[in-house]
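# Per-entry structural report
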Amino acid sequence: TLDSTVLSCGASRPKTALSNVEISEFVDTSDEWISQRTGIRSRRVLQPGESIADHAASAAQKALDRSGLDPADIGLVIVATSTPEDLFGDAANVADQCGCKNAVGFDITAACSGFLFALVTASQFLESGTYDAALVVGADAMSRWVDWGDRNTCILFGDGAGAVAIKKGGAGLLGFSMGSNGAGREKLALPYNGNRLPLIGGKSATVVGPRAMLMEGRSVYVFAATTVPRVLREALEDAHLTVDDVDWFLLHQANERILEAVADRIGVPKDKFIINMDENGNTSAASIPLALDFAVKSGSVKKGDVLACAGFGAGLSWGAAIFRW
Ligand code: ACO
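Cut-offs and rules
- Residues numbered from 1 in each chain as written.
- Predicted model: local features only at pLDDT ≥ 70, side-chain atom pairs only at ≥ 80, totals over all residues.
- Helix = DSSP H or I, 4+ residues; strand = E, 2+ residues; numbered from the N terminus.
- Rg over C-alpha atoms; globule rule 2.2 N^0.38 Å.
- Buried ≥ 20, exposed ≤ 12 C-beta atoms within 10 Å, placed from the backbone.
- Domains from an automatic or database assignment.
- Contact = placed C-beta atoms within 7 Å.
- Pairing = 2+ DSSP bridges.
- Right-handed = clockwise from strand over helix to strand, strands pointing away.
- Near = placed C-beta within 6 Å.
- Nonpolar A, V, L, I, M, F, W, Y, C, P; charged D, E, K, R; others polar.

### What about the overall build of the protein?
The helix and strand tally for the protein stands at eight helices and 14 strands. Taken over C-alpha atoms, the radius of gyration comes to 19 Å for the protein, in line with the 20 Å a tight globule of 325 residues would show. The C-alpha extent of the protein, read off along each of the three principal axes, is 55 × 45 × 40 Å. Counting over 325 residues, the protein shows a buried share of 52%.

### A closer look at the environment of Ala134
Inspection of the secondary structure assignment puts Ala134 in strand β6 (residues 133-141). For Ala134, a count of 29 C-beta atoms within 10 Å gives the class buried.

### Notes on the domain arrangement of the protein
Along its sequence, the protein is carved into domain 1 (2-172) and domain 2 (176-183 + 213-324). Distance from the C-alpha centre of domain 1 to the C-alpha centre of domain 2: 16 Å. Taken together, the contact pairs 44 residues of domain 1 with 40 residues of domain 2. When residues of the side of domain 1 that touches domain 2 are traced back to their parent elements, those giving at least two are β1 (2-12), α2 (31-38), β3 (42-44), α5 (114-127), β6 and β7 (159-180). With seven residues, the single largest contributor to the side of domain 1 that touches domain 2 is β7.

### A closer look at the pairing of strand β4 (residues 76-80)
A regular strand places its side chains on the two faces of the sheet in alternate fashion. Burial analysis of β4 places five of its five residues in the buried class, which makes it a mostly covered element. On β4, burial covers both faces: Leu76, Ile78 and Ala80 on one face and Val77 and Val79 on the other are all buried. Pairing of β4 with strand β5 (residues 104-108) involves five bridges; the strand directions are parallel. Opposite Ala80, over in β5, you have Ile108 as the bridge partner. On the question of chirality, the crossover connecting β4 to the parallel β5 by way of helix α4 (residues 91-97) is right-handed. Across five bridges, the pairing between β4 and β6 is parallel. Residue Ala80 lies in a different strand from β6, and its bridge partner there is Gly138.

### Considerations on the site of the ligand
Near the ligand lie 24 residues; those nearest to it are Thr29, Arg151, Gly217, Tyr221 and Ala254. For the shell around the ligand, the elements supplying multiple residues, two or more each, are α2, α6 (217-238) and β13 (306-313). Considering each element in turn, the shell around the ligand owes the most residues, five residues, to α6. Residues of the shell around the ligand, tallied by class, amount to 12 nonpolar, eight polar and four charged. Both of domain 1 (2-172) and domain 2 (176-183 + 213-324) provide at least three residues apiece to the shell around the ligand.

Structure (structure tokens):
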């Protein structure tokens, strides 16, 4: 248990939607293929000049407004992202835009596990007494990094940001578990390809050039379907709870078939899983807080509910956290 409470959430997505049908106009795929295999029908895509950091700030602002906290109370802003607006980090920008003058901001990168790792990290700072309140944001602009000519990957992803405000006290983070395994890094990776730039005296620099996402779809599926049930059980054990104590399972929205496999393996009906990838695609670090915001707004998640969250993805990395809403 960590002595922190999730107070509120917020979300922000680009306005521009891109449907499966539209994607099938420029790559060899179909709405039927994509929706049957993934549950995704549409996703939001940032337009040129639109900033993912602005969406992160907007999501954080909404969470802050709904929390009742004063911006000055926020001691920490963490942005989980693999695709920031500024490679030096977006969190200080987000803190500035939200008027959190007393906050330190930093980004963390852990792909689709990023939000959960950030939530646990921020909660540890509250538990230790260093800060009283924090904003935890997940934001990703995957559309800027996927290869839009590769039907294996481009159909999966979307852009967006989600955030929560948390404060010290209440012992609301009931349990967690996290893991990673770098030996599986090539199953899912977004490497830089460098172009050699000669400098002087035989010395060179490597300048970032075109890159392409690597993904072994089948092994990622198997990894997720086997690891997520395990990490959920570990987090529940840490919380001294069982699956029966959980009101909602809120998993990274990678793919509906992964959620079905997890539901099956832990013996929980699928209607206990929050699912909103149909209109967002896989938004990486943003997907859990985006789905939380969706479920709170739709009235599914109510105050006092116990949520079991799990993130999983590149690294490979995975994590689960159980908290009371
Ligand atoms: N449209 C039509 N055909 C396609 C498409 C597409 N968009 N993409 C691939 N295909 C073809 C393949 O080329 C292949 O053709 P072939 O048999 O002639 O070679 C065929 O469809 C089957 O491909 P598979 O990869 O075997 O399809 P599979 O049933 O495994 O589904 C999928 C692919 C959806 C990617 C699945 O493996 C999966 O969900 N994996 C998990 C990956 C994931 O979620 N990644 C997200 C990032 S990671 C994360 O967030 C955890």
